[in-house]
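Here are the chains, one letter per residue:
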Amino acid sequence: MKYSSLNYNSKKVGFLDAVIKGLAPDRGLYFPEKIPILDKNFISSIENYSNNEIAFKVIEPFIGNEIPKNILQKIIEETLSFDFPLVKITENISTLELFKGPTLAFKDVGARFMARCLSYGNKIKKHNKITVLVATSGDTGGAVADGFYKVKGIDVIILFPKGKVSKLQELQLTTLNENITAIEIDGTFDQCQDMVKSAFIDPELIDKIKLTSANSINIARWLSQMFYYFIAFKNRPNPTKKLVISVPCGNFGNICAGIISNKMGLPINHFIASTNSNDTVLNYLNSGNYIPKKSIQTISNAMDVGDPSNFIRIQKIFNNDLLKLKKTLSSYSYSDKQTESAIKEIFSYNNYIADPHGAIGFLGIKDYFISQEDPSSLQGIFLETAHPIKFANIVERIINTKIESPSQIKGIRNLKSNKLTMVGYNELKSFLLAKN
Ligand SMILES: *Cc1c(COP(=O)(O)O)cnc(C)c1O
């Protein structure tokens, strides 16, 4: 499998090179040359396969022979080392809990998979040190920090917007230390992301430092998210109904992986991109014009993205045909107020505690069902992308109930927290040059 840049101005590369580079030299996102089609028998007998076997079958065609079979199996085993339970909320809506990993974020899977692929690629290609530079609106940073923690030959630098991530998220970023450096930026997530993008095209930096990204622009992080959709399909509560999956979206990497899964042959009837007030994609679906916006701050902060970087990949899947895209994808946008009432509503069903992101996913399914003539023929699954404890101050107030702390974060408040503070790109650049 080769990957070409969506700016069409760079050489095609194999999987490991694409993982190491992150972004192509022309600043384009890498995209697979073709989307592999899976064996129909595999899909129809998916119940017989373990999650690890499914993941191997799904990702292997994207890697080809670049990672030997036994090593890829080991990488997958270490990546999927926790559960992905499907929990029933209402008669025809369930949630797939993706927050059982070490940082309680769905991004744990992508980060763990990427760290291991990168470490293998670095060894094979005999590079010296690699610096992973990443911007986070909340959950990426923690997952990446944990996924790369103490991985040999890799330094991780994380930029996060001051005051715009939760206390727990900040602790997850700033308490590991070792090969992880957290930098607080006085600005928005989009500004953090712009600084990362500037570093990647700065000739002086790329000459001296081997830089790569760990945002969902990296294909190892992006593609491994396909696993969720296969796991959701395998465990779907009602196999006679058509499956609709609602994804809380920010940079649109997760949902894009879902749509790729569908193109590989996974029977998902419809996708819903559920967003907070950052409604750039909804506006595009309505108007045909993609107009990036400044990000708006909300209580579902991991989705505060005004110019989602992976949307170009979704457009590519449909060859920029808006009508085709709309057959597969709908989008809905919700205010913080609506998000809060959704948390309350979900709690009224068996006391299920949703986080603000998952709650938005729930609302998307409900509205899509209302728009359909025969919703009883549909089974909805929304992805629960973060553990509610990460947003405890908001959620506990709404449901008036204390959320139990999961084992992953017990004791984190006693760890020593370290961060640097920076303002603009030049400061970051000098820091990187001095560090390497
Ligand atoms: C990152 C994140 C999202 C958005 O995922 P994208 O792939 O960027 O669309 C949603 N919810 C949570 C909790 C996240 O951390």
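Residues numbered from 1 in each chain as written. Predicted model: local features only at pLDDT ≥ 70, side-chain atom pairs only at ≥ 80, totals over all residues. Heavy atoms only, no water.

Peer 1: Help me understand the domain arrangement of the protein chain, please; the structure alone is not making it clear to me.
Peer 2: In many reports, interface size means the accessible area that the parts give up when they come together. Its domain assignment divides the protein chain into domain 1 (3-71 + 107-221 + 415-435) and domain 2 (83-105 + 225-404). Using only C-alpha atoms to locate each centre, domain 1 and domain 2 end up separated by 23 Å. With 46 residues of domain 1 at the interface, the matching set in domain 2 holds 43 residues. Summed over the shared surface of domain 1 and domain 2, the number is one salt bridge. For glutamate 47, the salt bridge is made with arginine 236, and the minimal N-O distance between the two is 3.4 Å. Counting the contacts that link domain 1 with domain 2 gives 19 residue pairs in polar contact (both at pLDDT 80 or more). When residues of the side of domain 1 that touches domain 2 are traced back to their parent elements, those giving at least two are strand 2 (30-32), helix 2 (40-44), helix 3 (51-63), helix 5 (107-124), helix 6 (139-148), helix 7 (167-174), helix 8 (189-200) and helix 10 (219-223). At six residues, the largest contribution of residues to the side of domain 1 that touches domain 2 is made by helix 3. Along the lines of polarity and charge, the residues of the side of domain 1 that touches domain 2 split into 25 nonpolar, twelve polar and nine charged. (Domains from an automatic or database assignment. Contact = heavy atoms within 4.5 Å. Salt bridge = Lys/Arg side-chain N within 4 Å of Asp/Glu carboxyl O. Polar contact = N/O pair within 3.5 Å; in protein donor to acceptor, adjacent residues only side chain to side chain. Helix = DSSP H or I, 4+ residues; strand = E, 2+ residues; numbered from the N terminus. Nonpolar A, V, L, I, M, F, W, Y, C, P; charged D, E, K, R; others polar.)

Peer 1: Even after reading the chapter, I still don't get the site of the ligand, so can you show me in this structure?
Peer 2: Taken together, 15 residues sit near the ligand, with Lys107, Gly250, Asn251, Phe252 and Thr385 positioned nearest. Here an oxygen atom of the ligand and a side-chain polar atom of lysine 107 are 2.4 Å apart. Isolated, the ligand exposes 380 Å² of accessible area, and the fraction of that covered by the protein chains is 97%. When atom positions are compared with the pocket grids, the ligand is found to occupy the largest cavity. By residue class, the composition of the shell around the ligand is seven nonpolar, six polar and two charged. (Near = heavy atom within 4 Å. Areas by Shrake-Rupley, 256 points an atom, 1.4 Å probe, with all protein chains shown as cover. 1 Å grid on protein atoms, 1.4 Å probe; cavity = no way out; pocket = protein on both sides within 12 Å on 5 of 7 lines; lining within 4 Å. Sits in = over half its atoms within 2 Å of the grid points.)

Peer 1: Got a minute to help me understand the nonpolar core in this structure?
Peer 2: Within soluble globular proteins, side chains that are nonpolar generally end up buried alongside one another. By size, the foremost hydrophobic cluster in this structure holds 99 residues, and its most contacted members are Phe15, Phe113, Phe148, Met226, Phe230 and Ile255. Looking at which domains feed residues into this core, each of domain 1 (3-71 + 107-221 + 415-435) and domain 2 (83-105 + 225-404) supplies at least three. Counting 38 residues, the second-largest nonpolar core is a separate cluster that includes Ile89, Ile93, Leu168 and Ala386. (Core = buried A, V, L, I, M, F, W, Y, C linked by side-chain atoms within 4.5 Å. Buried < 20%, exposed > 50% of the residue type's maximum accessible area, 1.4 Å probe, protein only.)

Peer 1: Would you take a moment to explain the sheet that holds strand 6 (residues 154-161) for this structure?
Peer 2: Consider a sheet: its strands pair through backbone hydrogen bonds, and that pairing is either parallel or antiparallel. Across the sheet, five strands lie side by side as 8-5-6-7-13; this open sheet has parallel pairing. Two strands lie at the open edges of the sheet, namely strand 8 (211-213) and strand 13 (420-422), each paired on one side alone. Adjacent strand axes in the sheet meet at a mean angle of 30° when their direction is disregarded. Pairing of strand 6 with strand 7 (residues 180-185), which is carried by six bridges, proceeds in the parallel orientation. Counted as the bridge partner of isoleucine 157 is threonine 181 from strand 7. (Pairing = 2+ DSSP bridges. Axes fitted to C-alpha atoms, helices over the stretch in contact; angles between N-to-C directions.)

Peer 1: How should I be thinking about helix 5 in this particular structure?
Peer 2: Across its 18 residues, helix 5 extends 26 Å between first and last C-alpha, which sits within 8% of the 26 Å expected from 1.5 Å per residue. Of all the 18 residues making up helix 5, 14 are buried; the element is thus mostly covered by neighbouring parts of the structure. Downstream of helix 5 by one or two residues, lysine 126 has phi in the positive range, about 55°. (Expected span 1.5 Å × (residues − 1).)

Peer 1: Where do I start with the packing of aromatic side chains in this structure?
Peer 2: Geometry of an aromatic ring pair is reported as the spacing of the ring centres plus the angle between the planes. As enumerated under the stated definition, the model contains 14 aromatic pairs in all. Look at phenylalanine 106 and tyrosine 228: their rings are 6.0 Å apart centre to centre, the planes differ by 70°, and that puts the pair in the edge-to-face class. You can see phenylalanine 106 sitting in the loop between strand 4 (93-97) and helix 5 and its partner tyrosine 228 sitting in helix 11 (residues 226-234), a full 122 residues away along the chain. Each member of the pair, phenylalanine 106 together with tyrosine 228, is buried. An aromatic cluster of three or more residues is present, and its members are Phe82, Phe84, Phe106 and Tyr228. Residue placement shows arginine 236 over the ring face of phenylalanine 233; its charged tip is 3.8 Å from the ring centre. The ring of tryptophan 222 has arginine 313 lying over it, and the distance from NZ or CZ to the ring centre is 4.1 Å. (Phe/Tyr/Trp six-rings, centres within 6.5 Å; stacked < 30°, edge-to-face > 60°. Lys NZ or Arg CZ within 6 Å of the ring centre and 35° of its normal.)

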